[in-house]
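Observations on the model geometry
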Amino acid sequence: MGKEMPNAARLKRALWQGASRQAADLMRAEPELATRDLAVAAMVYDLPAATRILSQDPSALTRNENGRSPFVCFAFSRFAAPGEKQDERLAMAHLLTQAGADVNDSYMHEDPHFGTAPLSALYGAIGHAGHLDLAEFLLEKGADPNDGESLYHASELGTPDGVLMLLRYGAKPQGTNALGRALDFDCLESVKALLAAGADPSEGVSHIHHAIIRGCSAPVMQALIDGGADYTEINQGVSAYGSAIAHGLLGVAETLAEAGADTTLSPLEEAFRTIARAAFEGSKAPPQQLENVDLPEAYQGLLAQMVAWPKAWPYITALVEQGINPHDPEGQNMPPFHLAGWEGLPDRLAYFLDLKPDLAHINAYGGNLFSTVLHGAEHCPARATRDHVGAMRLALQAGAEVPRPALEVAANEPVQRLLKDWVAAHPNSLVEDGIW
């Protein structure tokens, strides 16, 4: 696309990230930004501008910037929320594909933790932007549903619609871990559909144990059992039934018992059951002598695993009262207070902050509390219904520094406004470098 003004680059990033207010401000200040670059015109669904650019310069369609074609930029655009501007979006899709855009176009994404992999336009539509209408348009035009990412990420939409659509167009769940991702969201309809489409409940990890550590419901557990999952498998030395008890999933444990699972419990698991029963009944269990208990590997990070579960809070606080370490991290070295921040749960974050965690803790992703909340505000699947502003305010009040770049890159606009207001009121909190 040639050399461009810095504001054009800022606008593309804002549209990619869904920073709609920042995008609107940039276009208001420079209206021509959306009229001279095909990628930007496509990302904001400016059909007249895109039509004019293509008529004057057809090669603009294949002129990549940073490895991203205008069509990829369009497919990943978060200019509109899911369900909004559907007519404009589909009109732009028609224009670009009629001009020769490849519906299987992709770009190479570099991730510091997972390496480099291609991300398709279909993934952009369904997994990044959440535009099911555009995803179906692409599938109708021949987009490959087996792109290695779309089926997995379709499970994150909050409904089974994306999964069901991709399966209708021939997506194959084998080797995608889409079943595991559907379990992460306790989505019964997706789980059943993936199993019916051939997902192997024994592929990779034990999906029975995975369902437990993700807090899945008894109906989802029953679907796994009906689909052939091995509920007798021992994972890290514990049974599925024992793990369900340890995680306070008493209904799931009952489902496993009815299926024939071994119901033998260790003394620690017996203590967990006593605590869980009392917590969910609104009473207090007798002391279980869990102070400084040496938890088996399977139960390390137990509180962190449960911190976002809606119904687990009475059990979590009861375990802390009984002596379980409230700062024990889970597998990615994420302690409960980091996960409460990432999830945008300020009440739970405040609880763990009151218990004096190590605020300098760095998780396996290289993040501290500040960067973890910032990342969650953009990427937490439940972010639309969570309060990342409240979580970030608590992080700042606890002494978090604000790296200068974060003021610019924060994609969640309410969080960005909070950071700018905080720095204006607390200038000493601003640092040139830092983790963001």
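Residues numbered from 1 in each chain as written. Predicted model: local features only at pLDDT ≥ 70, side-chain atom pairs only at ≥ 80, totals over all residues. Heavy atoms only, no water.

**Some thoughts on the overall build of the protein**
Just so we agree on the cut-off: A run of H or I in DSSP counts as a helix once it spans at least four residues, and a run of E counts as a strand once it spans at least two, with each numbered from the N terminus. C-alpha atoms define the radius of gyration, and 2.2 Å times the number of residues to the power 0.38 defines the globule rule. Any pair of residues with heavy atoms lying within 4.5 Å of one another is described as a contacting pair. Only the protein chains shown count as covering a residue, and every accessible area follows the Shrake-Rupley method with a 1.4 Å probe. By the counting rule applied here, Lys and Arg register as positive and Asp and Glu as negative, while His and the ends of each chain are not counted. Charge positions come from single atoms, namely NZ of Lys, CZ of Arg, CG of Asp or CD of Glu.
From N to C terminus, the protein includes 25 helices and 4 strands. A compact globule built from 436 residues should have a C-alpha radius of gyration of about 22 Å, and the protein, at 24 Å, falls within 12% of that. Pairs at least 24 residues apart make up 68% of the contacts formed inside the protein by residues separated by at least 6 positions. Counting every atom, the protein has about 19,500 Å² of accessible surface; 49% of that belongs to carbon and sulfur. For the protein, the centre of its 31 positive side-chain charges and the centre of its 55 negative side-chain charges are spaced 8 Å apart.

**Structural notes on the pattern of salt bridges**
Operational definition: Salt bridges are defined by distance alone: a side-chain nitrogen of Lys or Arg within 4 Å of a carboxyl oxygen of Asp or Glu. Note on exposure labels: buried denotes an accessible area under 20% of the residue type's maximum, exposed denotes more than 50%, and partly exposed covers the range between, all computed with a 1.4 Å probe on protein chains only.
Inspection of every chain in the model, using the stated rule, returns 15 salt bridges. One salt bridge in this structure joins Arg63 and Asp57, with 2.6 Å as the shortest N-O distance. A residue is classified by how much of its surface remains accessible, and Arg63, at 30% relative accessible area, is partly exposed. Between Asp133 and Arg89 there is a salt bridge, and its shortest N-O distance comes to 2.9 Å. A residue pair is termed long-range when its members are at least 10 positions apart, and Asp133 in helix H8 (residues 132-140) and Arg89 in helix H6 (residues 86-98) qualify at 44 residues. On the basis of relative accessibility, which here comes to 15%, the residue Asp133 falls in the buried class.

**Looking at the state of the cysteines**
The line we're drawing: Cysteine sulfur pairs qualify as disulfides if the two atoms are within 2.5 Å.
Counted according to the given criterion, the structure contains 0 disulfides. The thiol sulfur of Cys216 is not disulfide-bonded, and the nearest other cysteine sulfur, from Cys187, lies at 9.9 Å.

**Some remarks on unusual backbone geometry**
Residues apart from glycine generally show negative phi values, whereas peptide bonds are mostly found in trans. The residue Asn66 is not glycine, and still its phi comes out positive at about 55 degrees. Note that Asn66 resides in the loop between helix H4 (47-56) and helix H5 (70-76). Positive phi is not limited to glycine here, since Gln236 has a value of about 50 degrees. By secondary structure assignment, the location of Gln236 is in the loop between helix H14 (218-226) and helix H15 (240-246).

**Re the nonpolar core**
The condition that has to hold: Buried Ala, Val, Leu, Ile, Met, Phe, Trp, Tyr and Cys residues form a nonpolar core when they are joined through side-chain atoms within 4.5 Å.
In this structure, Leu96, Leu138, Leu256, Phe272, Met392 and Leu419 are the most contacted members of the largest nonpolar core, which totals 141 residues. Looking at this core, the element that brings in the most residues is helix H17 (residues 267-281), giving 7 residues. Setting aside chain neighbours within four positions, we find Leu96 in contact with Leu38, Ala42, Leu54, Leu61, Phe71, Phe74 and Ala101.

**Describing helix H22 (residues 369-379)**
What counts here: Side-chain atoms alone can form a polar contact between residues adjacent in sequence; in general such a contact is a pair of N or O atoms within 3.5 Å, and within protein one must be able to donate a hydrogen while the other accepts it.
Within H22, 9 of the 11 residues are buried, leaving the element largely enclosed by the surrounding structure. Those residues of H22 that sit buried are Leu369, Phe370, Ser371, Thr372, Val373, Leu374, Gly376, Ala377 and Glu378. The backbone nitrogen of Phe370 has a side-chain oxygen 3.2 Å away, supplied by the residue at the start of H22, namely Asn368.

**So, the packing of aromatic side chains**
How we decide: Each Phe, Tyr or Trp ring, with Trp reduced to its six-membered ring, pairs with another whose centre is within 6.5 Å; inter-plane angles below 30 degrees give stacked pairs, above 60 give edge-to-face pairs, and intermediate values give tilted ones. We count a charge as sitting over a ring when the NZ of a lysine or the CZ of an arginine lies within 6 Å of the ring centre and within 35 degrees of the ring normal.
Enumeration according to the criterion identifies 12 aromatic pairs in this entry. On the numbers, 4.5 Å between centres and 10 degrees between planes, the contact of Trp16 with Phe76 is stacked. Note that Trp16 is positioned in helix H1 (residues 6-17) and Phe76 in helix H5, a separation of 60 residues in sequence. Since its relative accessible area comes to 11%, Trp16 is described here as buried. Residue class for Phe76 comes out buried when judged on its relative accessible area of 1%. In this arrangement the basic side chain of Arg68 is found over the ring face of Trp16, its NZ or CZ atom lying 3.8 Å from the centre.

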